[in-house]
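A closer look at the structure
Spelled out from the first residue to the last, the chains are:
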Amino acid sequence: MEKEGVPKGASIGKNFILRSIGQYVEDVKPVLLKTDRNDLMFYIEDEETANAIKAISRRIRDPVSNSPITFLVTRASAGIATVSPGERQLIEEALRKRYNPESHALDLMFRTRALHLALTRNNIMMTVVNVIDKYYGDVTALSVKGNRLRFLDFFACLLYRLKNVRMLDLSSNQIEKMSELEKLKGWPVETFFFEDNPICGNHRHFLYFCFFFMSALDPHYIVMAAPFLVINDAFNVKRAFHNCSDIFS
């Protein structure tokens, strides 16, 4: 992979930087986008795309200071192990059976332990991301319920591959911090399931998070497990996943 570094990129803002890059380079799909102190860092899988970003270094300017923005590119590993051909085949089969083309819904609730397709494994999650990117770019309803996810770094890569996610189900995972949910800012989510996560136990912080997430994603419906929240339109959302086949019986 190619590692992209943007000095002072955190203060400039990732949305502005990615939007500006998109004006020059098509189909940019960052991996593991994060901040390091005041710098912005991410990986690009495609060398040609990485070089195209490098070529526009200092052509984009900070909207506040008008200083040129520098893009530093180095060859580096993102620390993602390669899955075996057998595992990739199982993943592709799982996604094919779990995708509902009529409702554009994809259910990623992998229940099996025998096949070791745990989305908590970074290489499995990244393979799922790449398969979705290749075959299921029209997904609008996405469920990763019950996968014991605690961190969303690799799952958040879908933010730049699926543009129209309207329903998101993250319920029954192990998410403890609001900072994990902040990684998903940008999806046009209208309905959000988040019950049965550790963060839900702290009602004060969870209520703050609800308003933060609602403001960030501008949803019409929020469906969560909390006594002070109203549940709307759950039937229609659940119906979207009703016909998704379960590969593991």
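Before reading further, recall that the structure is shown in the block above.
Residues numbered from 1 in each chain as written. Predicted model: local features only at pLDDT ≥ 70, side-chain atom pairs only at ≥ 80, totals over all residues. Heavy atoms only, no water.

This paragraph deals with the side chain of Asp169. Residue placement: Asp169 occurs in strand β8 (residues 167-169). Among the polar contacts listed, one links the side chain of Asp169 to the side chain of Ser171, at a separation of 2.6 Å. (Helix = DSSP H or I, 4+ residues; strand = E, 2+ residues; numbered from the N terminus. Polar contact = N/O pair within 3.5 Å; in protein donor to acceptor, adjacent residues only side chain to side chain.)

Time to look at the packing of helix α4 (residues 85-98) against helix α5 (residues 122-135). Between α4 and α5, whose axes approach to 10 Å, the crossing angle comes to 50 degrees. What the angle tells us is that α4 and α5 run oblique. Here α4 and α5 pass one another in a crossing that is right-handed. Residues Glu87, Arg88, Ile91, Glu92 and Leu95 of α4 form the contact with α5, whose participating residues are Ile124, Thr127, Val128, Val131, Ile132 and Tyr135. Considered class by class, the residues forming the contact of α4 with α5 number 7 nonpolar, 1 polar and 3 charged. (Axes fitted to C-alpha atoms, helices over the stretch in contact; angles between N-to-C directions. Parallel < 35°, antiparallel > 145°, perpendicular 65-115°, else oblique. Left-handed = near helix turned anticlockwise from the far one by under 90°. Contact = heavy atoms within 4.5 Å. Nonpolar A, V, L, I, M, F, W, Y, C, P; charged D, E, K, R; others polar.)

The full count for this structure, using the stated rule, is 12 salt bridges. We note a salt bridge from Arg98 to Asp107, for which the minimum N-O separation is 3.9 Å. Note on Arg98: relative accessible area 0%, which makes it buried. The class for Asp107 is buried, based on a relative accessible area of 11%. The network of salt bridges with shared partners includes Asp27, Lys29 and Asp133. (Salt bridge = Lys/Arg side-chain N within 4 Å of Asp/Glu carboxyl O. Buried < 20%, exposed > 50% of the residue type's maximum accessible area, 1.4 Å probe, protein only.)

Let us look at the packing of aromatic side chains. What the rule picks out here adds up to 4 aromatic pairs. Ring centres of Phe155 and Trp187 lie 6.0 Å apart, and the angle between their planes is 70 degrees; this geometry places the pair in the edge-to-face category. With a gap of 32 residues between them, Phe155 in the loop between β7 (141-143) and β8 and Trp187 in the loop between α6 (178-182) and β9 (191-193) connect regions that are remote in the sequence. In this structure, Phe155 and Trp187 share a single accessibility class: buried. (Phe/Tyr/Trp six-rings, centres within 6.5 Å; stacked < 30°, edge-to-face > 60°.)

The buried fraction of strand β3 (residues 39-44) is high, at 5 of 6 residues. As defined by bridge partners, strand β1 (residues 2-6) adjoins β3 across 5 bridges and the pair is classed as antiparallel. Within β3, the position partnered with Glu4 by the bridge is Phe42. In this sheet, β3 lies alongside strand β2 (residues 31-36) in antiparallel orientation, the contact comprising 4 bridges. (Pairing = 2+ DSSP bridges.)

Quick look at the sheet that holds β9 now. Taking strand neighbours across the sheet as the criterion, the 5 strands line up as β5-β6-β7-β8-β9 in an open arrangement whose pairing is mixed. Across the chains shown, the open sheet's two edge strands, defined by having one partner strand only, are β5 (99-100) and β9. Examined bridge by bridge, β7 and β8 share 3 bridges and lie parallel to one another. Each bridged residue has a counterpart across the sheet, and for Ser143 the counterpart in β8 is Asp169.

Strand order in this open sheet of 4 strands is β2-β3-β1-β4, and the pairing throughout is antiparallel. Where the open sheet ends on each side, the last strands, each with one partner, are β2 and β4 (72-75). The average undirected angle you get between the axes of adjacent strands in this sheet is 20 degrees. The pairing of β1 with β4 spans 4 bridges and is classified as antiparallel. Within β4, the residue paired with Gly5 across the bridge is Leu72. Sheet strands touched by helix α2 (residues 14-22): β1, β2 and β3. Its angle to β3, the strand with the most contacts, is close to 45 degrees.

With that settled, consider unusual backbone geometry. Even without being glycine, Leu32 reaches a positive phi, approximately 55 degrees. If you trace the backbone, Leu32 turns up in strand β2. Positive phi, close to 75 degrees, is recorded for Arg58, a residue that is not glycine. When you line up the elements, Arg58 lands in the loop between α3 (47-55) and β4. Residue classification places Arg58 among the exposed positions, given a relative accessible area of 52%.

So far we have only geometry, and geometry alone does not tell us how the molecule works.
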